[in-house]
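Structural description and commentary
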Amino acid sequence: MLKGKMVILGVTGSIAAYKMANVASMLKKLHCDVQVIMTRNATNFITPVTFETLTGNKCLIDTFDRNFQYNVEHVALAKRADLLMIAPASANVIGKLAHGIADDMLTTTALACRCPKIVAPAMNTSMYENPIVQDNRKTLQRYGFEIVEAENGHLACGDSGAGKLPEEKLLVAHILRAIARDKDLAGRKVLITAGATMEPIDPVRYITNHSTGKMGFALARACMLRGADVTVVKGHTEAEVPDFVEILPVGSATEMFEAVKSRFAESDIVIMAAAVADYRPSQFSEEKVKKSEEAMAIPLSRTQDILQYLGEHKREDQFLCGFSMETQHMLENSRKKMVKKNLDMIVANNLKTKGAGFGTDTNVITILTKEKEQAFDIMSKDAAADCILDEILAESTKKREVPVYEGI
Ligand code: CTP
């Protein structure tokens with residue numbers, strides 16, 4: 001995801017510096033060119049050799065090192081960088097950056113960087129909460145630095161409180177969000193449903209389906225990386241929740257309907273990827289239903305078809321995409337659903353096709369719009385999400401560009 005990108009990791013003197021070896025390694029695995037700059041103090045906690053081995057690049061510490069590749073190395077690096085992350089950022093480096101002090105390789109480079117800059121503070125709680133540090137932090141934000149908030153936890157000094165460097169995965173997620181993709185969905189509000197609904201029978205049992213939420217989450221992640229403002233109405237799923245999206249957890253189809261309705265008006269694009277139950281038990285038993293020797297039947301009632309409701313109430317400027325899972329007559333049934341529910345697009349898949357459907361990391365999709373039908377080969381759900389979003393972007397932009405002839 002970071003092929004062709006260059007990231008500078010600035011490491012300062014904090015015990016959390018050890019975590020950055022993992023961050024460097026994770027970035028390398030994403031095909032990123034990683035350049036590490038350490039402050040002198042950082043070398044007390046981790047050695048440059050660790051970073052050099054992991055990144056394949058010389059680790060920079062001294063501004064006046066004459067073994068550099070370029071003549072004015074800090075400027076050359078700053079020009080090449082797609083992003084600078086300073087983590088862990090000590091109170092000292094935050095103070096220096098906030099006041100334009102550039103007295104070592106890291107701070108001179110930071111001052112010369114025009115690319116996005118992320119700072120992740122890590123220090124003792126009393127230092128972190130000191131109003132001077134907090135003021136400096138706010139100053140950096142005012143200058144356009146993104147701050148990754150320090151977490152609460154048990155700190156190396158023995159204290160418990162704010163000041164902990166977040167997990168490596170979250171630091172990498174911040175980098176990905178900033179530079180992994182072009183922001184072609186910036187300014188769009190996207191509402192996505194994901195996972196299975198659960199229709200309770202009694203306090204112990206419920207009716208559900210095999211949906212794992214992977215496709216919905218892949219869409220949410222891709223939208224977020226492409227700059228959209230994303231809300232996910234999440235039914236039951238064990239899949240890893242995407243970072244930087246708003247999550248509204250729900251249980252039943254009725255709860256999902258209410259959550260979707262509450263965000264519908266403000267959404268530009270709605271993608272219904274959840275597997276919503278079509279029926280729910282007519283009665284919920286407050287007490288556990290006891291077994292008997294007789295056979296038993298559970299009366300079921302229809303749930304609200306959420307997508308149908310959205311299709312009936314959508315504005316002209318809103319884009320509505322549904323999913324259709326079939327086991328036979330996929331295209332015919334999906335097109336019927338698209339027309340009946342007044343959708344702009346429907347993504348069809350056949351549960352019987354190898355590599356499609358529930359639980360897999362792949363999908364085999366056909367995208368249907370009013371005029372088109374595009375079948376895709378098997379691909380990862382992440383890649384499928386991007387194909388769907390490319391199509392939504394093209395179609396919704398077309399829709400926005402329809403000329404209005406006044407007086408006709
Ligand atoms: N859907 C919905 N509300 C429901 C049922 C389905 O919003 N109560 C949405 C799903 O999220 C999906 C689309 O409708 O985007 C199609 O769902 P699917 O189960 O394939 O089709 P149904 O319309 O339920 O028809 P059938 O089950 O008869 O195939």
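A brief report on the enclosed structure follows. Remember, predicted model here, so these are calculated numbers, not experimental data.

Definitions and limits used
Residues numbered from 1 in each chain as written. Predicted model: local features only at pLDDT ≥ 70, side-chain atom pairs only at ≥ 80, totals over all residues. Heavy atoms only, no water. Core = buried A, V, L, I, M, F, W, Y, C linked by side-chain atoms within 4.5 Å. Buried < 20%, exposed > 50% of the residue type's maximum accessible area, 1.4 Å probe, protein only. Helix = DSSP H or I, 4+ residues; strand = E, 2+ residues; numbered from the N terminus. Contact = heavy atoms within 4.5 Å. Pairing = 2+ DSSP bridges. Axes fitted to C-alpha atoms, helices over the stretch in contact; angles between N-to-C directions. Expected span 1.5 Å × (residues − 1). Near = heavy atom within 4 Å. Polar contact = N/O pair within 3.5 Å; in protein donor to acceptor, adjacent residues only side chain to side chain. Areas by Shrake-Rupley, 256 points an atom, 1.4 Å probe, with all protein chains shown as cover. Nonpolar A, V, L, I, M, F, W, Y, C, P; charged D, E, K, R; others polar.

Nonpolar side chains in soluble globular proteins generally cluster together in the buried interior. Of all hydrophobic cores here, the largest spans 70 residues; its most connected members are L9, L27, F51, L219 and I271. For this core, the element with the most residues is helix α9 (residues 214-225), which contributes nine residues. Residues in contact with L27, not counting those within four places in the same chain, are L2, V7, L9, C32, V34, V172 and I175. Counting residues in each nonpolar core, the second largest holds 29 residues, with M6, L84, M105 and C115 among its members.

So, about unusual backbone geometry. Looking along the chain, the bond that leaves A87 and enters P88 is cis, with omega of -10°. Among the structural elements, P88 can be located in strand β3 (residues 83-89). Phi at F244 is positive, roughly 60°, even though this residue is not glycine.

The strand order across the open sheet built from eight strands is β12-β11-β8-β13-β16-β17-β19-β20, with neighbouring strands paired in mixed fashion. In this open sheet, the two strands that pair with only one neighbour each are β12 (246-249) and β20 (373-375). Strand-to-strand twist of the sheet, defined as the mean angle between neighbouring strand axes without regard to direction, takes the value 15°. Across four bridges, strand β17 (residues 345-350) lies against strand β19 (residues 366-369) in antiparallel orientation. Within the sheet, the bridge partner assigned to I346 lies in β19 and is L368. Contacts between helix α11 (residues 306-313) and the sheet are confined to β13 (269-272) and β16 (319-326), with β16 contributing the most and set at about 150° to the helix.

Moving on: helix α10 (residues 253-264). Its twelve residues place the ends of α10 16 Å apart at the C-alpha level, agreeing with the 16 Å of an ideal helix rising 1.5 Å per residue. Along α10, the residues classified as buried are A253, M256, F257, A259, V260, R263 and F264. Of the surrounding secondary structure, the elements contacted by the buried residues of α10 are β8 (189-194), β9 (199-200), β11 (229-234), β12, β13 and α11.

This brings us to the site of the ligand. For the ligand, the set of nearby residues contains 17 residues, the closest of which are M272, A274, F323, K337 and K341. Measuring from an oxygen atom of the ligand, one finds a backbone N or O atom of M325 at 3.2 Å. Protein chains bury 77% of the 570 Å² of accessible surface belonging to the ligand in isolation. Where the shell around the ligand is concerned, the elements lending two or more residues are α11 and β16. Take the shell around the ligand: its biggest share by element is five residues, from β16. Here the shell around the ligand is built from residues that sort into eight nonpolar, four polar and five charged.

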